[in-house]
Amino acid sequence: IDTVKNLSGALLTIVGDGSEMSALMQQAESAGVISRCRFTGAVSREQVPPLIKSMDALVLPSITTEGWAEQFGHVLIEGMAAGKPVIGSRSGVIPEVIGSDGLLFDEGETRQLAAVLKSLIDDPALVRETGSRGQIAAASRFSDQALADHTFEIWQRVMRR
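Source: prediction; values computed, not measured.

K.L.:
Break down the overall build of the protein for me, with residues and values.
P.N.:
On a plain count of helices and strands, the protein comes out with eight helices and five strands. Sequence-ordered secondary structure for the protein, helices as α and strands as β, is α-β-α-β-α-β-α-β-α-β-α-α-α. The C-alpha extent of the protein, read off along each of the three principal axes, is 65 × 40 × 30 Å. Across the 161 residues in the protein, those meeting the buried criterion constitute 33%. Long-range pairs, those at least 24 residues apart, make up 59% of the contacts in the protein with a sequence separation of at least 6. Charge centroids of the protein, computed over 15 positive and 20 negative side chains, lie 5 Å from each other.

Next up, the structure:
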């Protein structure tokens, strides 16, 4: 919410429904940016692609807690496959999923996130380049064919032993 406040003209879509939803809505109201925020609540699997298509960038700002760290962040791959710039916090395996094909910021560092978003706003070429790199990475590392090839290679190594 602070990031939206600091980036004039930015619109924020929060997808999902969790224990923090009402607090986020209250924070947006208090910050005076509720009109620039869209809260979708939980969405079906079929609703995800059109939502991602409507975005200029996808952000996964996970924060590690005592009992949990981001396990994979499948939505990152969906964003990459859609050719959207993908931005994630350095939480759990997000840096491994994004690799050098997206943009990262430290967990909870809203100023870093704002700087990353501002760099995209200021540089349309960076938007295209990051989106393109992500799309290529998603196809080469995470497509059904890539995963099948990788599984086949593993089984070949096992069988040789």
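Next comes the rest of the description.
K.L.:
Which residues make up helix H6 (residues 110-122), and what are the values?
P.N.:
Counted at 1.5 Å a residue, the expected span for H6 with its 13 residues is 18 Å, and the 18 Å between its end C-alpha atoms agrees. Residues of H6 that are buried: Leu 113, Ala 114, Val 116, Leu 117 and Leu 120. Seen along its axis, H6 keeps its buried residues to an arc of 160 degrees; they face one direction. Residues of H6 that are buried sit in contact with helix H1 (2-6), strand E3 (58-60), strand E4 (86-89), strand E5 (103-105) and helix H7 (124-142).

K.L.:
Let's hear about the environment of Pro 61: which residues, and what values?
P.N.:
Summarising the element assignment, Pro 61 is placed in the loop between E3 and helix H4 (74-81). C-alpha separation for the pair Pro 61 and Ser 89, spaced 28 residues apart in sequence, amounts to 5.0 Å. Setting aside chain neighbours within four positions, we find Pro 61 in contact with Ser 89 and Phe 105.

K.L.:
Outline the environment of Ser 22, supporting the account with residue identities and numerical values.
P.N.:
Of note, Ser 22 is situated in helix H2 (residues 21-31). Given the relative accessible area of 53%, Ser 22 is considered exposed. Between the C-alpha atom of Ser 22 and that of Phe 39, which follows or precedes it by 17 residues, the distance is 10.0 Å.

K.L.:
How would you summarise the packing of H6 against H7 if you had to cite specific residues and measurements?
P.N.:
Where H6 contacts H7, the two axes come as close as 5 Å, and the packing angle between them is 105 degrees. Taken together, the axes of H6 and H7 lie roughly perpendicular to each other. Between H6 and H7, the contacting residues are Ser 119, Leu 120 and Asp 122 on the first element and Pro 124, Leu 126 and Val 127 on the second. Classifying every residue of the contact of H6 with H7 gives four nonpolar, one polar and one charged.

Conventions and cut-offs
Residues numbered from 1 in each chain as written. Predicted model: local features only at pLDDT ≥ 70, side-chain atom pairs only at ≥ 80, totals over all residues. Heavy atoms only, no water. Helix = DSSP H or I, 4+ residues; strand = E, 2+ residues; numbered from the N terminus. Buried < 20%, exposed > 50% of the residue type's maximum accessible area, 1.4 Å probe, protein only. Contact = heavy atoms within 4.5 Å. Lys, Arg positive; Asp, Glu negative; His and termini not counted. Charge placed at Lys NZ, Arg CZ, Asp CG, Glu CD. Expected span 1.5 Å × (residues − 1). Arc of directions from axis to C-beta. Axes fitted to C-alpha atoms, helices over the stretch in contact; angles between N-to-C directions. Parallel < 35°, antiparallel > 145°, perpendicular 65-115°, else oblique. Nonpolar A, V, L, I, M, F, W, Y, C, P; charged D, E, K, R; others polar.

This is a description of form; function is not addressed.
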